[in-house]
Amino acid sequence: MSKDTISFVNINREHKIREKEIKKAINNVFQKGNFILGEEVSLFEKDFAQYCQTKFALGLASGTDALQYSLRAIGIGKGDKVITAANTFIATVLAITSLGAKPVLIDVDPTTYNLDPQKIRKYLLHAKKVKAILPVHLYGHPAAMDSIIKIAREYSLSVVEDACQAHGALYKNKRVGSFGDAGCFSFYPAKNLGALGDGGMVVTGRKDIAHKIEMLRNYGQKQKYHHLMQGYNSRLDTIQAAVLKVKLNYLDQHNKMRRQIAHFYNKTLQGVGYILPNEQKEAYHVYHLYVIRTTKRKKFQDYLTQKGISTGIHYPIPIHLTKAYSSLGYKKGSFPITEQICKEIVSLPMFPYLKKEEMEYVSTCLRSF
Ligand SMILES: Cc1ncc(COP(=O)(O)O)c(C=O)c1O
């Protein structure tokens, strides 16, 4: 295999296959000219709500907005504390601080890399002003929703799920995003369900949250120029909704393809010395990312680059050690598991149309490292 042949993610292959169908959907919107909140938005919202087993879905401009508006809709504001995972993408925490609320980071489970419910309990024993838990289904693996919902009920906390990496993932046969008061998705192009630009969605079973977010995304109005609250401009574009509506039809198929690649990696990399992803028995992992761990990461990545294989790190610097969040008051050593993970993780090439010979080559290279 020649050099520079295997990218970490490749969305063009999928788009080539669906080109006609996607262009037809775009052209349809172009002809109608209904670019803002056109009927394709509500049609896609309906499909996505049904897919997620929820009553409502609201299309927004990004996953970050979906998180921010969900938190605002459940009443989070200045001084409130929101519990979330120390090991996540920064947008999870940005959504909390954008409302003047305080993120409480909790270390993760060493096998799933998601929020550790025992540690949430420990924190809650002496905590004040906590209003919500924001679990993240990181890499496409569901967080421990049974325990998280149980804790939330005991302490009267709301739950907003960050499902931005987990479209279609299941926990005990139920879609992620449908457990909490609201579930948030990103349609960033490389996601399991990706737009041709930015996009996001909130799903919820609560009518009050749906109504509030419908206003928040549209200048705080339900009826034109009747502003009931100070809102934002954050609507999912009609063109993006039309594209996503087409792509949603293939999400399950693509998730299955991701799982087949993951199973191939699991099988061929077993016992080679890497820590491999762990799918819990109650979980249906959708492998947005296939993340392994190695203590020789720098050498490992250099070696793969030489072999023409690109990899990623999600994420190299834990939130509490970033400059942006130095003011939170955490320090090095505050979250030992997250800090250890961040030093060792590497994301391997993972996308639905990764070819058999490419995964074989990746696996062969990993075995001979
Ligand atoms: C875990 C997580 N949360 C939130 C986001 C934010 O989504 P967006 O990029 O659409 O704002 C992302 C997207 O990268 C994410 O991976």
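(A) The arrangement of the pattern of salt bridges in detail. In the structure shown here, the tally under the stated rule is 20 salt bridges. Between Lys222 and Glu214 there is a salt bridge; the shortest N-O distance is 3.3 Å. According to the relative accessible area criterion, Glu214 is partly exposed, its value standing at 29%. For Glu279, the salt bridge identified is with Arg259, shortest N-O distance 2.5 Å. You can see Glu279 sitting in the loop between helix H9 (251–269) and strand S12 (283–284) and its partner Arg259 sitting in helix H9, a full 20 residues away along the chain.

(B) The domain arrangement of the protein, seen in detail. Looking at the assigned domains, one finds that the protein contains domain 1 (12–106 + 113–248) and domain 2 (251–368). Tallying the contact residues gives 39 residues for domain 1 and 39 residues for domain 2. A combined buried area of about 3,300 Å² lies between domain 1 and domain 2, and 59% of that area is made up of carbon and sulfur atoms. Note that Glu358 and Arg13 form a salt bridge whose closest N and O atoms lie 2.8 Å from each other. Counting the contacts that link domain 1 with domain 2 gives 24 residue pairs in polar contact (both at pLDDT 80 or more). Looking at which element gives the most residues to the side of domain 1 that touches domain 2, the answer is strand S3 (residues 102–106), with 5 residues. Split by residue class, the side of domain 1 that touches domain 2 holds 21 nonpolar, 9 polar and 9 charged.

What counts and how
Numbers given for residues are sequential positions, taken from 1 along each chain in its written order. Selection of residues for local features in this predicted model requires a pLDDT of at least 70, selection of side-chain atom pairs for listing and counting requires 80 or more, and totals for whole chains, interfaces and linings are taken over all residues. Hydrogens and water are ignored here; the side-chain numbers use all heavy atoms of the structure. For this document, the term salt bridge refers to a Lys or Arg side-chain nitrogen within 4 Å of an Asp or Glu carboxyl oxygen. Partly exposed residues are those whose accessible area sits between 20% and 50% of the maximum for their type, while under 20% is buried and over 50% is exposed, using a 1.4 Å probe and protein chains only. Secondary structure follows DSSP: runs of H or I at least 4 residues long count as helices, runs of E at least 2 residues long count as strands, and numbering of each begins at the N terminus. What fixes the domain bounds is an automatic or database domain assignment. In this description, contact between two residues means that some pair of their heavy atoms is separated by no more than 4.5 Å. Here's the idea: put two parts together, see how much 1.4 Å probe accessible area each one loses, and the total over both is what we call buried area. Here a polar contact is taken to be a pair of N or O atoms separated by no more than 3.5 Å, where protein atoms must pair a possible hydrogen donor with a possible acceptor and residues adjacent in sequence count only if both atoms sit in side chains. Three classes are used, and their members are as follows: Ala, Val, Leu, Ile, Met, Phe, Trp, Tyr, Cys and Pro are nonpolar, Asp, Glu, Lys and Arg are charged, and the others, Gly among them, are polar.

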